[in-house]
Amino acid sequence: MERETREIPRELLRTGAVASIAAGVLLIAGFALHPAGEDATFGTDPRWVPAHAMLWIAFTVALVGWVAVYVEQAAEAGRLGVVAIVVLLLGTSLASWIFSSDVTFVPAIAADAPALFRRIYDTRHIVIGLASVLAWVLGSVLLGISIVRAKVFPQGAGILLVIGTVIVPIAYATGLSVRIVGVGGDLAGIAQIWLGYALLRTRHSRSAGPA
């Protein structure tokens, strides 16, 4: 006996669409507000905490958006879509700890005991941080490719997601300005907004039905 096909609740996809848009806006805003440097000694800059708080919230809210995007294209995305969403959810969750520390203890240490950063940022810390960021990048790239291949969402959104997230680690690794890193974040944010808007339009057109 075949299993009954169940309709995905519209509320889930609508909520995910709004979450994707909100995450994109916060990502762009966070990088725009970010101080001129990424070194933790910038933790005393008054823009440091609000910028990283927005990025932290963006990554957290994005989880809901990514789930909705995957659900909408699941049938067309196939195995690549499954691998992409698993890696992206894990990578986004892992990368979030970086922003949480930037919001909580980094400003206090930067103000009262900046020398401690030399002890905190050892090889283990760097490896864990790099692995977390690369997991997010890999998941974003795989999801972007799945979006292009599935053709459920605008392919341009998938391309922007890939380009934007790839810019981030390249800019960091080559020592480019944090503003260049922000360009990558902006492109990824635009992709998330685009995906959320497309998801809202798709949901609206389906609920409206034929004229």
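Structural data are supplied above this passage.
Quick summary incoming for the structure in this document.

Rules and cut-offs
Residues numbered from 1 in each chain as written. Predicted model: local features only at pLDDT ≥ 70, side-chain atom pairs only at ≥ 80, totals over all residues. Heavy atoms only, no water. Salt bridge = Lys/Arg side-chain N within 4 Å of Asp/Glu carboxyl O. Buried < 20%, exposed > 50% of the residue type's maximum accessible area, 1.4 Å probe, protein only. Helix = DSSP H or I, 4+ residues; strand = E, 2+ residues; numbered from the N terminus. Arc of directions from axis to C-beta. Contact = heavy atoms within 4.5 Å.

Now for the pattern of salt bridges. Summed over all chains, the structure comprises one salt bridge. Between Asp45 and Arg47 there is a salt bridge; the shortest N-O distance is 3.2 Å. Among the residues examined, Arg47 registers a relative accessible area of 34% and is labelled partly exposed.

Next up on the list: helix 3 (residues 105-112). Listing the buried residues of helix 3 in full gives Val106, Pro107, Ile109 and Ala110. The buried residues of helix 3 occupy an angular sector of 165 degrees when the element is viewed end-on, so they sit on one face. Exposed side chains of helix 3 directed beyond 90 degrees from the buried face belong to Ala111 and Asp112.

The next point concerns the environment of Gly30. Among the structural elements, Gly30 can be located in helix 1 (residues 10-33). Gly30 sits 21 residues away from Ala51 along the chain, and the two C-alpha atoms are 4.4 Å apart. Filtering out sequence-adjacent residues up to four positions away, Gly30 remains in contact with Ala51, Met54 and Leu55.

Turning to unusual backbone geometry, a few remarks are in order. If you check the backbone angles, Lys151 has positive phi at about 60 degrees while not being a glycine. You can see Lys151 is positioned in the loop between helix 5 (123-150) and helix 6 (155-173). The class of Lys151 is exposed, set by a relative accessible area of 61%.

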